[in-house]
Amino acid sequence: MLKHSLHHDKRHWKVNDVFDIAALTVALPYCDVVCTDKGMRHHIDKTGIAQRLQTSVIDNLHDLPALIDSD
């Protein structure tokens, strides 16, 4: 679904997008928290993948302590 969302995006892909897709498809199902850039977080939020997998996705490491403290 993440790749599908990126294919429908109007911008041109960068090499890092391919690496991000590969890393996120492994991390999202197995990690409780994933930190990524704002662009990838937008696509993750748009597809609802994180909610279905019960994974918290952040795009700023400063948000991590509050997320950890809430558990």
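Above this text you will find the structure in question.
Residues numbered from 1 in each chain as written. Predicted model: local features only at pLDDT ≥ 70, side-chain atom pairs only at ≥ 80, totals over all residues. Heavy atoms only, no water.

1. Observations regarding the overall build of the chain
Then comes step 1: For the chain, the count of helices and strands is five helices and two strands.
Then comes step 2: The linear arrangement of helices and strands in the chain, starting from the amino end, is α-α-β-α-α-β-α.
Then comes step 3: By the burial criterion, 28% of the 71 residues in the chain qualify as buried.
Then comes step 4: Put simply, 37% of the contacts in the chain that link residues at least 6 apart link residues at least 24 apart.
Then comes step 5: Total accessible area computed for the chain in this model is approximately 5200 Å², and 57% of it derives from carbon and sulfur atoms. (Helix = DSSP H or I, 4+ residues; strand = E, 2+ residues; numbered from the N terminus. Buried < 20%, exposed > 50% of the residue type's maximum accessible area, 1.4 Å probe, protein only. Contact = heavy atoms within 4.5 Å. Areas by Shrake-Rupley, 256 points an atom, 1.4 Å probe, with all protein chains shown as cover.)

2. A closer look at the nonpolar core
Then comes step 1: Among the nonpolar cores identified, the biggest contains nine residues, and these are Leu24, Ala27, Leu28, Val34, Met40, Ile44, Ile49, Ala50 and Val57.
Then comes step 2: Considering each element in turn, this core owes the most residues, three residues, to helix H2 (residues 15-30).
Then comes step 3: Excluding anything up to four places from it in sequence, Ala50 contacts Ile44, Thr55 and Val57. (Core = buried A, V, L, I, M, F, W, Y, C linked by side-chain atoms within 4.5 Å.)

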